[in-house]
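Examination of the molecular architecture
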Amino acid sequence: MRVLIATVTAGGGHVAAAAALEEAWRALRPDDAVERVDLIKFFSPLHKKIYADGYVQIVERAPELWGLLFGKTDNPKVARRLSKLRRIFPSNSRKKFSDYLKRFKPDAVLCTHYAPLETLGLLKTSEGGVARRPNSTEETGTRVTRPSENWKHPFVVCVVTDFEAHALWMDACVDLYCVAAEETRARLIARGSRPENAVATGIPIAAKFSAKPDARAVRKTLGLRDDLPVLLVLSGGFGMGPVAEIVAELDKVPQPFQTVVVTGRNEALRRELATQTRKHPTHVLGFVTNMHELMAVAGLILTKPGGLTSSEALALGKPLFILNPIPGQEAANSDFLLERGAAAKVNRVEDLPFRIEQLLGSKKLAEMAKAAKALGRPQSAQAVCREVLKRISPAP
């Protein structure tokens, strides 16, 4: 079988979800031809700069504007009109992606961002709108799928990477929606999706978040004390948010604890925090690849409620503390987590010391951890792949 996983670098979550799907598919079917493509590679340098950096700049400098754009476009009719309008105008990046699809001839395309749907929809329309099922042959007892000569259009899967499905994720070319939770699925169905074409699989996360690291060994490796709880402060891959202010406010909490701060790719922030002296033991890290270990030893995770980060924490049964979510998808994710008791929230950094003091060692924190574990879907990436295979894999 030939499988394409398509994404776009717009924040780190879409790319991380794509990587998780590739890992899961290769584990399930190692003989398949699997490729992962970031549509940014087809953009012009200017387009790339605007698309990759534009989101970060808007949410950092004008979050209210982002919230306005998010709200105005979160209407299926508006989203369809925007899609039709975009498709009228020629696009060099769209043509490059279309040519790529025709060369690779995938049997299935798994999209962790809505942008690929525009090209896939045009391709499906131009080729008659019939989704092709793979042809198969048998070799040494193993089903092997090869692209047919008359390849027209792949099976299209939309993998929504937030707990609420924005209207832009919906497109007529989609054969299957894989979403975070039953509530997300219900929203799609209410907006016109067929019930059999939407499945609650969870947001795809890496397999390492289904493991259980030795907490004592991780603490020793990181130089953390065994007798103090750990607060994990995350800034996201781009090091956004008032992280320095958060760390300063945490020092006002009277109870003893230790803090691990992850600044992502913001090297200036890492250097700034690393030179400061704190009352509570504080470990400052830059970009990390062992987030599963850091989360495993944390008693509470202070973070922006991105879909991927939240899903990783839930998979490990870790409660979240949300600070000032940006309007739009973060606010929607925040609402989902708060309603289900897996998170607490403040809108102002100066409220943090009192709330943390109330939570540390409390029954409420234990209840939040229990709720987080109940929501967690550590096998989400495998679940997506199995749902796709169930629909396209030839009968044995």
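Above this text sits the structure in question.
None of the values given here were measured: they were computed from a predicted structure.

We now examine a nonpolar patch on the surface. Together, Leu65, Leu68 and Leu69 line one region of the surface with nonpolar side chains, adding up to about 270 Å² of accessible area. On the secondary structure map, Leu65 appears in helix H3 (residues 63–73). Residue Leu65 is classed as partly exposed on the basis of its relative accessible area of 43%.

Attention now moves to the pattern of salt bridges. Following the criterion strictly, the structure yields 20 salt bridges and no others. In this structure, Arg216 engages Asp226 in a salt bridge whose closest nitrogen and oxygen atoms are separated by 3.2 Å. Of the two residues, Arg216 is situated in helix H8 (residues 215–222) and Asp226 in the loop between H8 and strand E9 (230–234); the sequence distance between them amounts to ten residues. The exposure class assigned to Arg216 is exposed, which follows from its relative accessible area of 58%. A salt bridge links Glu267 to Arg270, with the shortest nitrogen-to-oxygen separation between them at 2.6 Å. Highlighted residues: Glu267 and Arg270, both in helix H10 (residues 267–274), separated by three residues, approximately one helical turn.

What follows concerns the packing of helix H1 (residues 13–28) against helix H16 (residues 380–392). Running from N to C, H1 and H16 point in directions that differ by 60 degrees, and their axes come no closer than 8 Å. When the interaxial angle is binned, H1 and H16 end up oblique. Classified by chirality, the crossing of H16 by H1 is right-handed. Contacts between H1 and H16 pair Ala20, Leu21, Ala24, Trp25 and Leu28 from the former with Ala381, Gln382, Val384, Cys385, Arg386, Val388 and Leu389 from the latter. Residue classes in the contact of H1 with H16 are distributed as ten nonpolar, one polar and one charged.

Thresholds applied
- Residues numbered from 1 in each chain as written.
- Predicted model: local features only at pLDDT ≥ 70, side-chain atom pairs only at ≥ 80, totals over all residues.
- Heavy atoms only, no water.
- Patch = residues over 30% accessible without salt bridge, like charges linked within 9 Å, V, L, I, M, F, W, Y side chains within 5 Å.
- Areas by Shrake-Rupley, 256 points an atom, 1.4 Å probe, with all protein chains shown as cover.
- Salt bridge = Lys/Arg side-chain N within 4 Å of Asp/Glu carboxyl O.
- Helix = DSSP H or I, 4+ residues; strand = E, 2+ residues; numbered from the N terminus.
- Buried < 20%, exposed > 50% of the residue type's maximum accessible area, 1.4 Å probe, protein only.
- Axes fitted to C-alpha atoms, helices over the stretch in contact; angles between N-to-C directions.
- Parallel < 35°, antiparallel > 145°, perpendicular 65-115°, else oblique.
- Left-handed = near helix turned anticlockwise from the far one by under 90°.
- Contact = heavy atoms within 4.5 Å.
- Nonpolar A, V, L, I, M, F, W, Y, C, P; charged D, E, K, R; others polar.

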